[in-house]
Amino acid sequence: MHSKAKAFCPAGISGFFQICDKEPNGKPITDLERIGARGGGFALKKGVLTEVDVVEQEQKSLNVFINGKLAPEAETTRTVVNMLLERVNKSYSIAVRHSVEVPIGAGFGSSAAGALSVALALSKALNINLTYNQIGRIAHVAEVKCRTGLGTVGGLMLGGCVIIVEPGAPNYAVIDRIPISPNYQIVAGVYKPQLTSKFLKATKKRDLINEMGQKTLDKILADPSLEGFLHACREFAEKTRLATQRVRKLMDAAEKSGSVGVAQNMLGEAVHALVEKDKVKKVVEVFERFLPPEKILVAEVSLQGAQLIT
């Protein structure tokens, strides 16, 4: 047997979050499907295109490539593959090729997009019949296991401007959206990446983040407009002290340049602005005062979630 399949998943920018990995009594949650995050952000039309190539053979093997280079560090993708292989009783040689259109490790959800797209493509190539939510649960659990994210997968299954009201994998999460027309684009600029796994191990800011995460969610649900969403997200970045001085300066300038609103990418030393299409050029020029062009990304908001291509 030799089969191939492709899937695409939008990238996703989170503007705020609340870590949800403990019971109300403080005990750690042990069910990985129940661990997650409250939060919210935007899905992008730029994301991760994943192609899988599967050959049945006696010796198992798995190679993961990111943008053409062998990537032995791609633990989340490997975890998804292994979870799916547990459902079959044959051995395969598998090649996974991720084409990533966004910066890695800068708050664009590339890990979740890779996990969800490989889960979609590989389940098709291996002829494993699963629902969309079952596939999402596999990707979510892989992210939680590998500490590359907590709640991004669910949002990327839907697209648009997403609000994660209750945490967890698709069978637990409660996800809402703020309606958004196709007349908007995201302009984003990256100073430097920040590893989510490293951040999730640190607990110094956890209480402050969780307190502000809940307040931000309440504020957004009380005024579920795009302007209200972004204003609350910016406040979250500043009050949690996650926003560095240069992030604040860029947010100030981008806000004054005519964007609907601005926020910091969670997690990353990066800024994103929601902009009406006719104002994109002006906002990009402002970003270019702070960052070189190769550190700036412009993308439409994706109103659709992850999908199979072939």
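For the structure given in this document, a descriptive report is provided here.

Reading the values: rules and limits
Residues numbered from 1 in each chain as written. Predicted model: local features only at pLDDT ≥ 70, side-chain atom pairs only at ≥ 80, totals over all residues. Heavy atoms only, no water. Helix = DSSP H or I, 4+ residues; strand = E, 2+ residues; numbered from the N terminus. Rg over C-alpha atoms; globule rule 2.2 N^0.38 Å. Buried < 20%, exposed > 50% of the residue type's maximum accessible area, 1.4 Å probe, protein only. Contact = heavy atoms within 4.5 Å. Phe/Tyr/Trp six-rings, centres within 6.5 Å; stacked < 30°, edge-to-face > 60°. Core = buried A, V, L, I, M, F, W, Y, C linked by side-chain atoms within 4.5 Å.

So, the overall build of the chain
For step 1, the next point in the chain: A count of helices and strands for the chain gives 9 helices and 12 strands.
For step 2, the next point in the chain: For the chain, whose C-alpha radius of gyration is 19 Å, the value lies close to the compact-globule estimate of 19 Å for 310 residues.
For step 3, the next point in the chain: Projecting the C-alpha coordinates of the chain onto the three principal axes gives extents of approximately 60 × 50 × 30 Å.
For step 4, the next point in the chain: Of all 310 residues assigned to the chain, the portion counted as buried reaches 55%.
For step 5, the next point in the chain: Pairs at least 24 residues apart make up 77% of the contacts formed inside the chain by residues separated by at least 6 positions.

A short note on unusual backbone geometry
For step 1, the next point in the chain: Backbone torsion omega between Met266 and Leu267 reads 5°, so that peptide bond is classified as cis.
For step 2, the next point in the chain: Structurally, the position occupied by Leu267 is in the loop between β9 (261-264) and β10 (269-276).
For step 3, the next point in the chain: One non-glycine residue, Asn67, lies in the positive phi region at around 50°.
For step 4, the next point in the chain: Considering the arrangement of structural elements, one finds Asn67 in the loop between β3 (61-66) and β4 (69-70).
For step 5, the next point in the chain: Positive phi is not limited to glycine here, since Arg241 has a value of about 60°.
For step 6, the next point in the chain: Secondary-structure assignment places Arg241 in the loop between α7 (226-239) and α8 (245-256).
For step 7, the next point in the chain: Its relative accessible area of 56% is what places Arg241 among the exposed residues.

So, the packing of aromatic side chains
For step 1, the next point in the chain: The tally for this structure, following the rule as stated, stands at 4 aromatic pairs.
For step 2, the next point in the chain: Ring geometry for Phe16 versus Phe229: centroids 6.4 Å apart, planes at 70°, classification edge-to-face. With a gap of 213 residues between them, Phe16 in strand β1 (residues 2-20) and Phe229 in helix α7 connect regions that are remote in the sequence. An identical accessibility class is assigned to Phe16 and Phe229; each is buried.
For step 3, the next point in the chain: Judged by centre distance (5.6 Å) and plane angle (70°), the rings of Phe17 and Phe236 are edge-to-face.

Some words on the nonpolar core
For step 1, the next point in the chain: Counting residues in each nonpolar core, the largest one holds 102 residues, and the members touching the most others are Phe42, Phe108, Leu116, Phe229, Leu274 and Phe287.
For step 2, the next point in the chain: Looking at this core element by element, the count peaks at 10 residues for helix α2 (residues 110-125).
For step 3, the next point in the chain: Apart from the residues lying within four places of it in its own chain, the contact partners of Phe229 are Phe16, Gly40, Gly41, Phe42, Cys161, Val162, Ile163, Ile178 and Ile220.

By themselves, these figures tell us nothing about what the structure is for.
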